[in-house]
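# Inside the fold
Single-letter residue listing:
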Amino acid sequence: MPELPEVQTVVNHIRGDLVGKNIVGIIPLWGKSLHNFKPNDLSIKNKKNRILDVRRRAKFIIIDLGDFIIAVHLRMTGKLYIQKGSSIPKYARAIIKLENSKDLIFDDIRKFGRIYLYKNLTEIDSKHGPEPLGKEFTHEWLYDNLKKKNRNLKALLLDQSFIAGLGNIYVDEILWESGIHPNSISSTISKTKVSLLHNSIQNILKKAINNHGTTFMSFTFLNGRSGNYSNELKIFGKQGEPCKTCGELIKKIKVAGRGTHICSTCQKKYRPGKK
DNA sequence: CCATGAACCTGGTCGC
DNA sequence: TGCGACCAGGTTCATG
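Since we're looking at a predicted model, the values are computed, not measured.

### Re the protein's contact with DNA strand B
Taken together, W30, K32, Y91, I109, R110, K111, F112, K149, N150, R151 and N152 make up all the residues around DNA strand B. Measuring from a phosphate oxygen of DNA strand B, one finds a side-chain N or O atom of Y91 at 2.5 Å. One of the side-chain nitrogen or oxygen atoms of K111 is found 2.7 Å away from a phosphate oxygen of DNA strand B. Looking at the surface near DNA strand B residue by residue, the class counts come to 4 nonpolar, 2 polar and 5 charged.

### Looking at the sheet that holds strand β9 (residues 114–118)
Read across the open sheet, the 4 strands follow the order β3-β4-β5-β9; overall the sheet is antiparallel. Edge positions in the sheet fall to β3 (53–57) and β9, since each has one partner strand and no second. On average, each strand axis in the sheet is tilted by 25° relative to the strand beside it, whichever way the strands run. Across 5 bridges, strand β5 (residues 69–73) lies against β9 in antiparallel orientation. Across the sheet, residue V72 finds its bridge partner in β9, namely I115. Along the sheet, helix α1 (residues 4–18) contacts β3 and β4 (60–64); its crossing angle with β3, the most-contacted strand, is approximately 175°.

Calculation rules
- The numbering scheme is per chain: residues are counted from 1 as the chain's sequence reads.
- The order in which chains are written sets their letters, starting at A; the order in which ligands are written sets their numbers, starting at 1.
- Whole-chain, interface and lining totals are the exception, using all residues; otherwise, since this is a predicted model, local features are given only for residues with pLDDT of at least 70 and side-chain atom pairs are given and counted only at 80 or more.
- Think of the side-chain values as coming from all heavy atoms in the structure, minus any hydrogens and water.
- Proximity is defined per residue: if any heavy atom of the residue lies within 4 Å of a molecule or strand, that residue is considered near it.
- Pairs of N or O atoms are called polar contacts if they sit within 3.5 Å, as long as, within protein, a hydrogen donor faces a hydrogen acceptor (for residues adjacent in sequence, only side-chain-to-side-chain pairs).
- Under this grouping Gly is polar, as are all residues other than the nonpolar Ala, Val, Leu, Ile, Met, Phe, Trp, Tyr, Cys and Pro and the charged Asp, Glu, Lys and Arg.
- Two strands pair if DSSP finds at least two bridges between them.
- Labels follow the DSSP assignment, with helices taken as runs of H or I lasting at least four residues and strands as runs of E lasting at least two, numbered in each case from the N terminus.
- Geometry is summarised by axes, namely lines fitted to C-alpha atoms with helices restricted to the contacting stretch, and by angles between N-to-C directions that run from 0 to 180 degrees.
- Throughout, a residue-residue contact means that at least one pair of heavy atoms, one from each residue, lies within 4.5 Å.

Below you can see the structure in the form of structure tokens.
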């Protein structure tokens, strides 16, 4: 499910219910869900684990407890929400018990999602590039850093150590809007095009956040509430349909091992020796 | 340095 | 209706 806008949506949705509450325990229902700690590591003596803040870094949901953080990564099918009724959901993989509150449920059909316990953000920061909506991410930064690599463009944009938060849906949307073929080589893209690419990254992410992210195929999150950005998608999942700009039929190909949607008329391929 | 494919998992969809 | 093949919004690791 989640790329940056979806993770941000989850954070926005649960933050109000969590900040100020105390975590009194965590119960794994699928052992591997707790990646680097045991439930006891959390319940340090009688000390209460008060949630000071809930925020996002890259695709992680960060639950800030002051002395340490709980970082939740939803991977493909994870969800994080306050429990509704009293029965444990079918795909619940961990339960975070809150004092005087309904539990926080970590739900994940495919069991890829993970919960981490860290002292602070250092570990996560060290493996991630800048936030695309942060002030470090400028036109110049993008141009300079694309230049430094000779990578397949889509693969590079999906690489979290290069830039954090982008995933398969939004990369396809971004590359279509900026008119660049995903199989371009990063170092060969013109400065003007990189500028368009930068604008698309920020505009599409912001718009998706405003629309509470993308959900499709009745795959909802947020306790059944779903995001509306699916209505805004221009190319992802639109194979066989006409391109909204030129009418050419949209194709689905494989790039960097991922299903990739392109308009071969509108998206120019930048490669060494060409312009 | 870079690309590729497998692995981790379960469920939905499509074609026959 | 059944069944197998294939696909899935992510990440990591081994291999060439």
